[in-house]
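Secondary and tertiary structure notes
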Amino acid sequence: DEHPADHLVINEVFTLPSSVADPYSWIEFLNPTDKPIFGLSKYTVTYTSHIGPAQARETFPLAIEEFVTGAVVDTLQPGAFVLVITDSIRFYNHTNLGPGAGFVAVGPIFRQYRQDYGVVFALAESDELVLRDTTGKAIDVVRYGNYVSPAVPDSFPENHSAGMIPEWSSLSRYANGYSTGNSANDFYMEAKPIPMWYSELHHP
């Protein structure tokens, strides 16, 4: 079942709850197209979370730097990934990277409270991530947990939550940038995440 996106997508999301010792998170972006994507720093990610009745919403520029060199990443080649991480020690202790092209990066999506980007971005259990392009258009909306839009009417009424992410699993997009605009249809729970690599599971 082929339904590839023609734009940058959020490809995979991993988070551990704050109840876990040394939690950390990462978000992977993918260029599923056959052309370079320019101007990443002008893209934004809006994160909405709910903890009980409380709601928090923040918008971050996708202004990212390659983790090792500090070089600004503003162009993403066809088929390449950008993996934005929090704490590098926790990440590399628990995660093996795939051989895909792209960058491991840091940026304002994960706030720098400590020297090594060490405090987890508070991805809760009722969340929405909205990726907007250089024009401000929402090009990807990812909902998971028990997310229900607080807005009436809902800006994305056809986009339903993909469900709760089990501990140590990721929310992973089906192969080839599969995108219908419905998180419940576009993602599955991956028990053995391999960031920087393409999903081997095709949409059924």
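Placed above this text is the structure.
To start, this report covers the structure provided alongside it.

What counts and what doesn't
Residues numbered from 1 in each chain as written. Predicted model: local features only at pLDDT ≥ 70, side-chain atom pairs only at ≥ 80, totals over all residues. Heavy atoms only, no water. Core = buried A, V, L, I, M, F, W, Y, C linked by side-chain atoms within 4.5 Å. Buried < 20%, exposed > 50% of the residue type's maximum accessible area, 1.4 Å probe, protein only. Helix = DSSP H or I, 4+ residues; strand = E, 2+ residues; numbered from the N terminus. Contact = heavy atoms within 4.5 Å. Salt bridge = Lys/Arg side-chain N within 4 Å of Asp/Glu carboxyl O. Pairing = 2+ DSSP bridges.

Membership of the largest hydrophobic core comes to 29 residues, with the highest contact counts inside it found for Leu8, Phe29, Val82 and Leu129. Elements with a minimum of two residues in this core: strand E1 (9–15), strand E2 (25–30), strand E4 (44–51), strand E9 (81–85), strand E11 (126–132) and strand E12 (138–145). By residue number, the principal contributor to this core is E12, which donates three residues. Non-local contacts of valine 82, meaning those with residues more than four positions away in its chain, are made with Ile27, Glu28, Phe29, Leu40, Ile64, Val73, Leu76, Phe103 and Ala105. Judged by nonpolar contacts, the second largest core, of 15 residues, contains Val9, Tyr24, Phe81 and Leu83.

A few words on the pattern of salt bridges. Under the counting rule described, the total for this entry stands at five salt bridges. For the salt bridge of arginine 173 with aspartate 140, the shortest nitrogen-to-oxygen distance reads 2.8 Å. With a gap of 33 residues between them, arginine 173 in strand E13 (residues 170–173) and aspartate 140 in strand E12 connect regions that are remote in the sequence. Residues aspartate 154 and arginine 143 are paired through a salt bridge, measuring 2.9 Å at the closest nitrogen-oxygen approach. Highlighted residues: aspartate 154 in the loop between E12 and E13 and arginine 143 in strand E12, separated in sequence by 11 residues. Among the residues examined, arginine 143 registers a relative accessible area of 3% and is labelled buried.

Read across the open sheet, the eight strands follow the order E7-E6-E10-E9-E2-E1-E13-E14; overall the sheet is mixed. Where the open sheet ends on each side, the last strands, each with one partner, are strand E7 (72–73) and strand E14 (187–190). Pairing analysis gives six bridges linking E1 to E2, with the strands arranged antiparallel. Paired with phenylalanine 14 across the strands is tryptophan 26, a residue of E2.

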